[in-house]
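Observations on the model geometry
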Amino acid sequence: MTEAVDDYSDIREAVTKLCRRFPGEYWRAQDREMAYPKEFVNALTEAGWLSILIPEEYGGAGLPLSAAAAVLEEIQRTGCNGGACHAQMYTMGTLLRHGSAEQKGKYLPAIASGELRLQAFGVTEPTSGTDTGALKTTARLDGDHFIVKGQKIWTSRAEYSDLMLLLARTTPLTEGVKKTDGLSVLLVDMRDAIGNGLTIRPIRTMMNHATTEVFFDDLRVPADNLIGEEGKGFRYILSGMNAERILIASECVGDAKWFIEKASNYAKERQVFGRPIGQNQGIQFPIAKAYANMRAAELMVREALSLYESGKNPGAEANMAKMLAADASNEAANVCIQTHGGFGFAEEYDVERKFRETRLYQVAPISTNLILSFLSEHVLGLPRSY
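Report on the accompanying structure. Owing to the predicted nature of the structure, the values given are computational and were not obtained by experimental measurement.

Glancing now at the overall build of the chain. Of the regular secondary structure elements, the chain holds 12 helices and 10 strands. Taken against the 2.2 N^0.38 rule, which gives 21 Å for 386 residues, the C-alpha radius of gyration of the chain at 21 Å falls within 12% of a compact globule. Intrachain contacts of the chain at a sequence separation of at least 6 include 73% that bridge at least 24 residues. As displayed, the chain offers around 17,500 Å² of accessible surface, 51% of which is attributable to carbon and sulfur atoms. Where the 42 positive side-chain charges of the chain centre and where its 49 negative ones centre are 4 Å apart.

Written as C-alpha cells, this is what we have:
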C-alpha cells in the first residue's frame, strides 16, 4: 500500500485565486488571436509557481512533484490553460538531475526568478514521431562547439522560450548499435541562436498551443552546454517522462473537473419543457459517469505520485494515469458539449475552447496506443508489437 499524497489545499487555494484574475474573456481573446498568454505566465512566474520544483538553494520552493501536480490541476480546473508554460516544470528536471554544478548554478536561479524561460523541448521530428531512436538531427563536435543540423517539429513555445532542451545524435547510428545509444542532450540558448543557424516556424493548430517546427542549419552550441555524458541523452530524457506523464494527467483531471462542474451547473439551470434538464436521467447519467471516471483517474494519479516520491519506478502507473486522465477529460468534454447543446459550440461559454485544448492529450505527449503497447509488453508480458 502506498502512502497518501499531500492534497496541498493551501497551494490550490492560492493558485485558484491567481487564476480568477484571468477569466474566460482573457482566454477567448488569446485563442482568437493565437496569442501567447504572457500576462498569465508572468503572473505564475512572479508568484513562484513555475519554480516550485527547483531546490531552494537555486531560488525555488523545493517542493515534490505532487505540489507541481496540484498547481497544474488547479490551473485547468479554473478554466485556464497551463499548456503555455507546463513544460518548464518537467524539462527543468533534466537539468536538475543530470546537469553539472556549473550549469545548475548558471541557469536554475535565472529560471526560478523568471529571468530565463526554459519552456521548449526539442525531441520529436517529422519522420520519426515517437520513435525517438530514429531521430536524424545531428550534433557534431567541432573544437569547443557542437554543430547542430536537422529539424524538430511540435516544439511548443519555442518562440517564447529563452532556452531549449535539445536531443540530438552525437554518434552515428551504425549496424548493431542500439538505436537509443549515441543521443545527447544540449541546452540551447535560443537568444543567441535565432538568425545564427536556428529558424523557428509557427504551426497553426486547432488549439492555441504556440507550437512550431524548428530548423537547425549548422547551429553552433558551446560544448559546455552538453547535459551529462555524451551519448546518454535518451536515458536522461526518459527519466523525466514519468514526471511529464503524471503532470499532464493532473492537468487532464483538472480539465475533467471543470467540464463536470460546468455541465452540472448548466443542467440545473437550463429549463426545457418546464423542468431543469438535469432532472432527466439522459442528462444525469452521462455526467455522473464522467465524474466516476474522473475520480478513478484522479486516484491513479495519486498512486503514481506516491510511487514517484518514494523513489520507486512508477512507469506503469504514470502511463496509466496519463491514459485514464486523458480519457476522463475527453469524455467529460463530450458530455459537457452534449449537455449544453448548441450553446456548447458558442465561444462565450468556453466549452468549445476547453474541448479543443483537452483533446490534445489523447495524442500528446504520448498517444494512447503507445501506452497500451507499453502495458501489453512490460506489465502483461505480451510480445513486443513494434
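In this model, helix α4 (residues 65-77) (13 residues) spans 18 Å end to end at C-alpha, consistent with the 18 Å of a helix rising 1.5 Å per residue. Regarding α4, the residues found buried are Leu65, Ser66, Ala67, Ala68, Ala69, Ala70, Val71, Leu72, Glu73, Glu74, Ile75 and Gln76. Its buried side turned inward, α4 meets α1 (9-19), α3 (38-46), α5 (87-98), α8 (233-269), α9 (281-309) and α11 (351-359). Immediately beyond the C-terminal end of α4, within one or two residues, lies Gly79, with a positive phi of roughly 100 degrees.

The tally for this structure, following the rule as stated, stands at 25 salt bridges. Note that Lys149 is salt-bridged to Asp217, the shortest N-O span being 3.2 Å. Of this pair, Lys149 sits in strand β3 (residues 145-153) while Asp217 sits in strand β7 (residues 212-222), and the two are 68 residues apart along the sequence. Its relative accessible area of 48% is what places Asp217 among the partly exposed residues. Glu357 serves as the salt-bridge partner of Arg353, at 3.3 Å between the closest nitrogen and oxygen. Placement of both Arg353 and Glu357 in helix α11 is noted, with a separation of four residues, approximately one turn of the helix. The pair formed by Arg353 and Glu357 is uniform in burial state, with each residue classed as buried. Put simply, Asp7, Arg12, Glu73, Glu74, Arg77, Lys257, Arg295, Glu298 and Arg302 are held in one network by salt bridges that share partners.

Its place among the elements puts Thr45 in helix α3. Side-chain polar atoms of Thr45 contact the backbone oxygen of Val41, separated by 2.8 Å. Once you skip the residues sitting within four places of it in the chain, Thr45 turns out to touch Leu50, Ser113 and Gly114.

When we look at burial in α1, the residues that qualify are Ile11, Arg12, Val15, Thr16, Leu18 and Cys19. All buried residues of α1 fall inside an arc of 160 degrees around its axis, so they share one side. When the buried face of α1 is taken as reference, the exposed residues oriented beyond 90 degrees from it are Ser9, Asp10, Glu13 and Lys17. Taken together, the buried residues of α1 touch α3 and α4.

Our next topic: empty space enclosed by the protein. For the coordinates displayed, the defined rule picks out five cavities of 30 Å³ or more. Of the pockets and cavities examined, the largest cavity occupies roughly 140 Å³. What lines the largest cavity is a set of 14 residues, and nearest its centre among them are Arg12, Glu73, Val301, Arg302 and Leu305. Of all elements in the fold, only α4, α8 and α9 reach the threshold of two or more residues within the lining of the largest cavity. Residues that form the lining of the largest cavity fall into these classes: six nonpolar, two polar and six charged. Taken as a whole, the second largest cavity encloses approximately 70 Å³ of empty space. Lining the second largest cavity are Trp27, Ala35, Tyr36, Pro37, Asn81, Gly83, Ala84, Asn208, His209 and Ala210.

Where α9 contacts helix α10 (residues 315-340), the two axes come as close as 8 Å, and the packing angle between them is 160 degrees. With respect to their mutual orientation, α9 and α10 come out roughly antiparallel. You can see that α9 and α10 cross each other, and the crossing is left-handed. Across the contact of α9 with α10, the residue classes tally to 18 nonpolar, two polar and four charged.

Right, let's get into the pairing of strand β2 (residues 138-142). Bridge count for β2 against β3 is five bridges, and the pairing is antiparallel. Residue Ala139 lies in a different strand from β3, and its bridge partner there is Val148. Hairpin geometry of β2 and β3 is characterised by an intervening segment of two residues between the two adjacent antiparallel strands and by a positive phi of about 70 degrees at Gly143.

Conventions and cut-offs
Residues numbered from 1 in each chain as written. Predicted model: local features only at pLDDT ≥ 70, side-chain atom pairs only at ≥ 80, totals over all residues. Heavy atoms only, no water. Helix = DSSP H or I, 4+ residues; strand = E, 2+ residues; numbered from the N terminus. Rg over C-alpha atoms; globule rule 2.2 N^0.38 Å. Contact = heavy atoms within 4.5 Å. Areas by Shrake-Rupley, 256 points an atom, 1.4 Å probe, with all protein chains shown as cover. Lys, Arg positive; Asp, Glu negative; His and termini not counted. Charge placed at Lys NZ, Arg CZ, Asp CG, Glu CD. Expected span 1.5 Å × (residues − 1). Buried < 20%, exposed > 50% of the residue type's maximum accessible area, 1.4 Å probe, protein only. Salt bridge = Lys/Arg side-chain N within 4 Å of Asp/Glu carboxyl O. Polar contact = N/O pair within 3.5 Å; in protein donor to acceptor, adjacent residues only side chain to side chain. Arc of directions from axis to C-beta. 1 Å grid on protein atoms, 1.4 Å probe; cavity = no way out; pocket = protein on both sides within 12 Å on 5 of 7 lines; lining within 4 Å. Points joined across faces, edges and corners; volume = space filled by probe spheres on them. Nonpolar A, V, L, I, M, F, W, Y, C, P; charged D, E, K, R; others polar. Axes fitted to C-alpha atoms, helices over the stretch in contact; angles between N-to-C directions. Parallel < 35°, antiparallel > 145°, perpendicular 65-115°, else oblique. Left-handed = near helix turned anticlockwise from the far one by under 90°. Pairing = 2+ DSSP bridges.

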